[in-house]
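Each chain, written out:
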Amino acid sequence: MWKIYFEKLLKNKLAKIGILIIVALILTAIFSPLISTHNPIEGNILERLQSPSKNHFLGTDEMGRDVFSRMVYGTRISISIGIIAVGISVIAGTFLGLISGYFGGKIDTVIMRFVDIMLCFPTFFLILMVIAFLEPNIYNVMIVIGLTSWTGLARLVRGETLSVKERDFIIAAKGLGLKKRRIIFVHILPNVIAPVIVASILGVGAAILTESGLSFLGLGVQPPTPSWGNILTSGKDYIHIAWWLSIFPGLAILLTVLSWNLLGEGLRDVFDPRMN
Amino acid sequence: MDKILSIENLFVEYTVGKKIIPAVRNVSLTLNKADSLTIVGESGCGKSTLGLSILNLLPKEARIIDGKIIFHEQDILRLGEKELQKIRGGKIGIVFQDPLSSLNPVIKISQQLRETLKIHQRDFSDDKIEKLLETVQLSEPKIIKNYYPHQLSGGMRQRIMLAMAIATKPEILIADEPTTALDVTIQKEILELIKKLMREFNLTVIFITHNFGIISDICNKIAVMYAGEIVEEGGTSEIIKNPRHPYTKALLSAIPKTHKVKRFNTIPGNVPDLSAMPDGCKFHPRCPRKIEKCAKEEPQLKQKENRLLRCFNP
């Protein structure tokens, strides 16, 4: 079944482009020490603010560090934050959505009202607030992004669960003596997983964007650890004399978010029975 | 004879909005080991509700008001969730009307069978699963077990449902209109299969249907239900040869006969709105034999010769 979906996905040109970029990014993230040409943390101050050249593909920054190498290492940070943050939000959102939808009643009310409250806060400011209290490092950023973005998923899963749990095979499963836990995780979960996959892939792009935003504001990944967001920050002070410092990380963020969105939308079409 | 299941004075109500709708009223039935009982009636007469309440599987709008369902000296309605799960699918199996929607579309056949076996702590090896598929006369079990439900026909899916229901060697099988969603030739095959399983596993069967035509050779007892009540109950051959209740007569005469070309007999009117029942006998507005008393007084289910009957003027 998954093979059929995958073949269908590859027929979609945009999704294919998305997949190619994502694969390239993941490979870059895994093999960053091999790909980078210079040390990303230590630079040669004498070579500061050089424009792109043969030695420094994307130039150097204000400390004389190689921008290309910093961006290669930054890929690692951005991709892992995106994926892990979404992982957290998928686990939390799916679990709470399933429970809320299946049991209904008071449990549902409590979870959904909590979701409503979470949705009242502008997410980005909520994250800013939490990060302000915690130490801003890569792990806290992952956790905070994950724990603030599960609400939409929880609603989505709850809605799907509500409709799946009324279907005959769930009554049949009960009739066969299956426990609630097994009914929820073995019978309902696979039936609601398709929209979860789409939402989580789209979520990776959003999480990367959030991380870049936080790092740009200095509340995300802290220098000297490179991340696209904080390369951008240091670039903004020199934008008149060193355009490469802002343009390349900006482009990288754009391409990355775009590719996850292309893949997400491709998947949505694949899973949508009306599109066949 | 061994009494295996008895339903005593069961009342079930549905709450729809603020309306309370009685679906099953004062139903009592007794089943002995290896009996096969058919519950017949029109749509909406409460026969499926009765079937579901035996396993306490009713939707949450439904409420069992009163009554007992005694299975091996245990009242099923007073069991906790854990004990219920042991009985469901373990001691009592159930097959539903629509095999197309009773199987989970995203799980392979083998996995669905394995779930049932695992829950009831039975052997869930591949061999066992293939053997089960063979028992329900599916050819090529090795291939079929790796299929998803949508790759199978309706008849094959109903066989899978049967395999799941008998996987744990239950004592009772509840078949809730198992052939309604299938075409006629497949219906016959499934019925033959159920008969075979009854012999092989010494099953007690409760058959729920609206089709008199298919039951005469499968069951030894019939209970005719109308508007939530049993109106006539007795041995299959007695009731089919000599129906006494006007409703049973009407139902039997509504079976189309191939050798006579004429209009079908129909029963005038509809099943009464369950929330607005007529006074007296529930069938009297449609009854050809009604007498004055029928509209005023409710007849009781009484022993008459070889059967139970609820009628003043049979």
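Details of the structure are given in the entry above.
Scope of this entry: the structure provided in the associated data block.

Cut-offs and rules
- Residue positions within a chain follow its written sequence, with the count starting from 1.
- The order in which chains are written sets their letters, starting at A; the order in which ligands are written sets their numbers, starting at 1.
- In keeping with the model being predicted, local features are shown solely for residues with a pLDDT of at least 70 and side-chain atom pairs are shown and tallied solely at 80 or more, while totals for entire chains, interfaces and linings include all residues.
- Hydrogen atoms and water are omitted, and side-chain values are computed over all heavy atoms in the structure.
- By definition, any uninterrupted DSSP run of H or I lasting at least four residues is a helix, any uninterrupted run of E lasting at least two residues is a strand, and each is numbered from the N terminus.
- In this treatment the radius of gyration is a C-alpha quantity, and the globule benchmark scales as 2.2 Å times the residue count to the 0.38 power.
- Working definition: with a 1.4 Å probe on protein chains only, accessible area under 20% of the residue-type maximum means buried, over 50% means exposed, and in between means partly exposed.
- Whether two residues are in contact is decided by their heavy atoms: any pair within 4.5 Å suffices.
- Only the protein chains shown count as cover for residues, and all accessible areas are computed by the Shrake-Rupley method using a 1.4 Å probe.
- Counting rule for charge: Lys and Arg are taken as positive, Asp and Glu as negative, and neither His nor the chain ends is counted.
- By convention, the point assigned to a charge is CZ for Arg, NZ for Lys, CD for Glu and CG for Asp.
- The rule for pairing is simple: two strands pair if DSSP sees at least two bridges between them.
- By convention, a stacked pair of Phe, Tyr or Trp rings (six-membered ring in the case of Trp) has centres within 6.5 Å and planes under 30 degrees apart, an edge-to-face pair has planes over 60 apart, and any other such pair is tilted.
- Lines fitted to the C-alpha atoms define the axes, with helices restricted to the stretch that makes contact. Angles between their N-to-C directions range from 0 to 180 degrees.
- Throughout, the accessible surface (probe 1.4 Å) given up by two parts as they are put together, summed over both, is called the buried area.
- Whenever a carboxyl oxygen of Asp or Glu lies within 4 Å of a side-chain nitrogen of Lys or Arg, that contact is scored as a salt bridge.
- We define a polar contact as two N or O atoms separated by no more than 3.5 Å, with the added condition that, inside protein, one atom must be a possible hydrogen donor and the other a possible acceptor, whereas residues neighbouring each other in sequence contribute only through side-chain atom pairs.
- Each residue is assigned to one class: nonpolar for Ala, Val, Leu, Ile, Met, Phe, Trp, Tyr, Cys and Pro, charged for Asp, Glu, Lys and Arg, and polar for all the others, Gly among them.

When helices and strands are counted, chain B shows 10 helices and 12 strands. Against the compact-globule benchmark of 20 Å for 314 residues, chain B has a radius of gyration of 20 Å, which places it among compact chains. C-alpha atoms of chain B, sized along the principal axes, occupy 65 × 50 × 45 Å. Looking at chain B residue by residue over its 314 residues, the buried ones come to 54%. Taking the intrachain contacts of chain B between residues at least 6 apart in sequence as the baseline, contacts between residues at least 24 apart amount to 64%. Roughly 14,500 Å² of accessible area belongs to chain B as shown, and the carbon and sulfur atoms make up 50% of that amount. Within chain B, one finds 47 positive and 37 negative side-chain charges whose respective centroids are separated by 3 Å.

For chain A, the count of helices and strands is 12 helices and zero strands. Its helices and strands taken in sequence order, chain A reads α-α-α-α-α-α-α-α-α-α-α-α from the N to the C terminus. Over its C-alpha atoms, taken along the principal directions, chain A stretches across nearly 75 × 45 × 25 Å. Looking at chain A as a whole, 48% of its 276 residues are labelled buried.

With that settled, consider the pairing of strand β1 (residues 3–16) of chain B. All names here are of chain B. Here β1 runs beside strand β2 (residues 19–32); their pairing, made up of 10 bridges, is antiparallel. By the bridge assignment, Glu13 is partnered in β2 with Pro22. Taking the residues that link successive antiparallel strands as the turn, the β1-β2 hairpin has two residues, and the phi of Gly17 there is positive, at about 60°. Relative to strand β4 (residues 62–71), β1 runs antiparallel, the two sharing eight bridges. Bridge pairing links Glu8 to Lys68 in β4.

Residues and elements named next belong to chain A. According to the stated counting rule, one finds nine aromatic pairs over all chains in the structure shown. With centroids separated by 6.1 Å and ring planes inclined at 20°, the aromatic side chains of Phe114 and Trp150 adopt a geometry described as stacked. Separated by 36 residues along the polypeptide, Phe114 in helix α5 (residues 105–120) and Trp150 in the loop between α7 (138–148) and α8 (151–164) bring together distant segments of the chain. With relative accessibility at 6%, the residue Trp150 sits in the buried group.

On to the sheet that holds strand β9 (residues 221–226) of chain B, then. All names here are of chain B. Within the open sheet, the eight strands sit side by side as β6-β7-β8-β3-β9-β10-β12-β11. Their pairing is mixed. Every other strand in the sheet has two partners, leaving β6 (92–95) and β11 (302–304) as the edge strands with one partner each. Shown here is a sheet whose adjacent strand axes are inclined to one another by a mean of 20°, direction ignored. Here β9 runs beside strand β10 (residues 229–235); their pairing, made up of six bridges, is antiparallel. Bridge pairing links Ala223 to Glu233 in β10.

Take the interface of chain A and chain B next. Counting residues at the interface gives 19 residues for chain A, matched by 28 residues for chain B. Here chain A and chain B share an interface that buries about 2,000 Å² over both sides, 62% of which is from carbon and sulfur atoms. If you look at where chain A meets chain B, you find one salt bridge. Taking the shortest distance from any N to any O, the salt bridge between Arg182 of chain A and Glu115 of chain B comes out at 2.7 Å. At the boundary of chain A and chain B, one finds eight residue pairs in polar contact (both at pLDDT 80 or more). Elements with a minimum of two residues in the side of chain A that touches chain B: α9 (168–175) and α10 (180–216) of chain A. Residues belonging to the side of chain A that touches chain B are distributed by class as follows: eight nonpolar, four polar and seven charged.

With that out of the way, let us pick up the pattern of salt bridges. Residues and elements named next belong to chain B. The full count for this structure, using the stated rule, is 22 salt bridges over all chains. For Arg307, the salt bridge is made with Glu232, and the minimal N-O distance between the two is 2.6 Å. One end of the pair, Arg307, is in strand β12 (residues 307–309); the other, Glu232, is in strand β10, with 75 residues separating them in the sequence. For Arg307, a relative accessible area of 2% puts it in the buried group. Within this structure, Arg114, Asp126, Glu130, Lys142 and Lys145 form a network of salt bridges that share partners.

On to helix α11 (residues 228–236) of chain A, then. Residues and elements named next belong to chain A. Across the nine residues that make up α11, a large majority, eight, are buried. Listed as buried for α11 are Trp228, Gly229, Asn230, Ile231, Leu232, Thr233, Ser234 and Gly235. In the core, the buried residues of α11 are packed alongside α2 (13–30), α4 (67–103), α10 and α12 (244–271).

The subject of this paragraph is the side chain of Ser36 of chain A. Locating Ser36 of chain A in the fold gives a position in the loop between α3 (32–35) and α4. Accessibility expressed as a relative area gives 13% for Ser36 of chain A, which makes it buried.

All names here are of chain B. With five of its five residues buried, strand β7 (residues 172–176) lies for the most part within the structure. When β6 meets β7, the two strands line up parallel, connected through four bridges. From the neighbouring strand, Gly93 faces β7, where its bridge partner is Leu173. Note that β7 and strand β8 (residues 204–209) share five bridges and pair parallel.

On to the sheet that holds β1 of chain B. Residue and element names in this part refer to chain B. Judged by pairing direction, the sheet is antiparallel, and its four strands sit side by side in the order β2-β1-β4-β5 without closing on themselves. At either end of the open sheet lies a strand with only one pairing partner, and these are β2 and β5 (74–75). Against the sheet, helix α1 (residues 47–54) engages β1, β2 and β4, with an angle of about 120° to β1.

Residues and elements named next belong to chain B. One can find Ile143 in helix α5 (residues 141–144). You can call Ile143 partly exposed: its relative accessible area is 41%. Sequence separation between Ile143 and Glu130 is 13 residues, and the spatial gap between their C-alpha atoms is 9.4 Å.

None of this, on its own, says anything about what the molecule does.
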